Amino acid sequence: MAGTSSTALAQLGGAGPALAAGVEAAAPLLGTVERIDLAQGLNISRVVKGCWQLSGGHKGAKETDRTGGQAAVEDFGKFVAAGVTTFDAADHYGPAEALIGRYLAANPDQRPPKTQVLTKYCVFGRMDMATINKDAVVQAVNVSRKRLGVDSVDLMQYYWGDYDVNRYVDGALYLSDCAADGLIKHVGVTNFDVPRMEAMTKAGVRIASNQLQYSLLDRRPENGMSAFCAANNVQMLPYGVLAGGFLSEKYLGMPANKVTSDTYSKGKYARVIMEVGGWSWFQDLLQALDGVARKHDVTISNVAARWVLDRPGVAAVILGARNADHVADNQRLFSFRLDAADLAAIDEVLARGRRPRGDCYSWERGGEW
């Protein structure tokens, strides 16, 4: 998918309504973080701490913002104490796996199953895809095990870069072998579509979960993925539920020409907003979410995340948090429920937007929205 620039942001449309007053000053009540069985023997928190913010690839990944070094290690304990015990990493998130490993080594009483570690095996290069074999997969799994300092990875999520290189079923079968050998406990996938998951399932791969993009702005999982997962006992683990931060008070009433695309994530979701309805429509959505948020004394982000969490087949939501300052906000997600009136207000705006027609991650691979 082509990158997004300020040009794309400029195409979002005119300014939205005037900025509303802030949320009530009184701190809302905190809720107890819910839990769910993702797979046999793997019970996770329904908010998963996304660790891509610890990748070191963004500006300022250092001790001062608690996204690197010992500060990041210490912050894991604050999430665990609040009930967010599940961490999501990847083989290419820079030091994320190693930082989790440092936390587990320093806190042996918090090792799995007290905490749960989800990571990823991602095959990007065409040569790596064409020549994939069991030894290569085992080697990759062992690298993650060593970094994390665990005997067995709770969930290894599998990504394939190019469907034209038709070896993705082989890779999934090799991961199944790793599960049989005890190197990992469960096989998951990330950003796969329904036809490829069907192929893997028919080959005998037991897929525990699919990590995918799902939000009020991106409802592609409803185009067949939710039904497939329900029929095959696959759980969904959404990321992007806050659309790179767009689904928050920060953008309520903000004119489109004031929006800056200073991260890859913001650029991508700016394009998503364009696809779904444009900036004026997006402001209508934020206004509706703000009304619901005020009613429950929570934030727009809480409402957006709760909406996804309540979708059929969603086990948990993955929320990226730069540091432990976000812990209380994670807990507020469980202090309220969306009622029929809330959903009706949100649905009215969604009905005026453009529904996607493509499968999960097909747009990013060059397909239709």
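Our structure's up above, just so we're on the same page.
The present account deals with the structure reproduced in this document. (Residues numbered from 1 in each chain as written. Predicted model: local features only at pLDDT ≥ 70, side-chain atom pairs only at ≥ 80, totals over all residues. Heavy atoms only, no water.)

**Let's talk about the overall build of the protein chain**
Helix and strand counts for the protein chain stand at 13 helices and 10 strands. The long-range fraction of contacts in the protein chain, counting pairs at least 24 apart against all pairs at least 6 apart in sequence, stands at 79%. Split by element, the accessible area of the protein chain, about 14,800 Å² in all, is 52% carbon and sulfur. (Helix = DSSP H or I, 4+ residues; strand = E, 2+ residues; numbered from the N terminus. Contact = heavy atoms within 4.5 Å. Areas by Shrake-Rupley, 256 points an atom, 1.4 Å probe, with all protein chains shown as cover.)

**Some words on the pattern of salt bridges**
Tallying each qualifying case throughout the model produces 26 salt bridges. Note that Arg355 is salt-bridged to Glu222, the shortest N-O span being 3.1 Å. Taken together, the residues span a long stretch of sequence, with Arg355 in the segment after helix H13 (340–350) and Glu222 in the loop between strand E8 (207–213) and helix H8 (225–231) at a distance of 133 residues. Arg355 sits in the partly exposed class, given a relative accessible area of 39%. It is possible to trace a salt-bridge network through shared partners that takes in Glu34, Arg46, Arg306, Asp310 and Arg337. (Salt bridge = Lys/Arg side-chain N within 4 Å of Asp/Glu carboxyl O. Buried < 20%, exposed > 50% of the residue type's maximum accessible area, 1.4 Å probe, protein only.)

**Comments concerning the environment of Arg206**
Within the secondary structure layout, Arg206 lies in the loop between helix H7 (194–202) and E8. Arg206 gets classed as partly exposed once you look at its relative accessible area, which sits at 42%. With 30 residues separating them along the chain, Arg206 and Ser176 place their C-alpha atoms 7.5 Å apart. Not counting residues up to four positions away in its chain, the partners in contact with Arg206 are Val187, Asn232, Asn233 and Val234. Engagement of the side chain of Arg206 in a polar contact is seen with the backbone oxygen of Asn233, the distance being 2.8 Å. (Polar contact = N/O pair within 3.5 Å; in protein donor to acceptor, adjacent residues only side chain to side chain.)

**Focus: the environment of Pro356**
Following the sequence through the fold, Pro356 ends up in the segment after H13. With 135 residues separating them in the primary sequence, Pro356 and Pro221 have C-alpha atoms 9.6 Å apart. For Pro356, the residues in contact, after removing those within four places along its chain, are Arg219, Arg220, Asn223 and Trp369.

**What about the packing of helix H5 (residues 134–148) against helix H6 (residues 168–180)?**
At a closest axis distance of 9 Å, the pairing of H5 and H6 adopts a crossing angle of 55°. The angle between H5 and H6 places the two elements in the oblique class. For the pair H5 and H6, the crossing hand works out as right-handed. Between H5 and H6, the residues in contact are Lys134, Val137, Val138 and Val141 and Tyr174, Leu175, Asp177 and Cys178, respectively. Looking at the contact of H5 with H6 residue by residue, the class counts come to 6 nonpolar, no polar and 2 charged. (Axes fitted to C-alpha atoms, helices over the stretch in contact; angles between N-to-C directions. Parallel < 35°, antiparallel > 145°, perpendicular 65-115°, else oblique. Left-handed = near helix turned anticlockwise from the far one by under 90°. Nonpolar A, V, L, I, M, F, W, Y, C, P; charged D, E, K, R; others polar.)

**Details of the layout of surface pockets**
Its volume calculated, the largest pocket comes out at about 1,700 Å³. Forming the boundary of the largest pocket are 47 residues, of which Trp52, Gln53, Gly244, Ser265 and Gly320 lie nearest the centre. Elements supplying a minimum of two residues to the lining of the largest pocket: strand E5 (116–123), E8, helix H9 (264–276), helix H11 (300–309), strand E10 (317–320) and helix H12 (327–332). In terms of residue count, H9 provides more of the lining of the largest pocket than any other element does, 5 residues in total. Split by residue class, the lining of the largest pocket holds 18 nonpolar, 20 polar and 9 charged. (1 Å grid on protein atoms, 1.4 Å probe; cavity = no way out; pocket = protein on both sides within 12 Å on 5 of 7 lines; lining within 4 Å. Points joined across faces, edges and corners; volume = space filled by probe spheres on them.)

**Thoughts on the environment of Trp281**
Summarising the element assignment, Trp281 is placed in helix H10 (residues 278–296). Taking the relative accessible area as the measure of exposure, Trp281 reaches 6% and is therefore buried. In this structure the C-alpha to C-alpha distance between Trp281 and Gly353, which are 72 residues apart in sequence, comes to 7.2 Å. In this view, Trp281 contacts Leu217, Val276, Val349, Leu350, Arg352 and Gly353; residues no more than four positions away in its chain are not counted. Polar side-chain contacts of Trp281 include one of 2.9 Å to the backbone oxygen of Val349.

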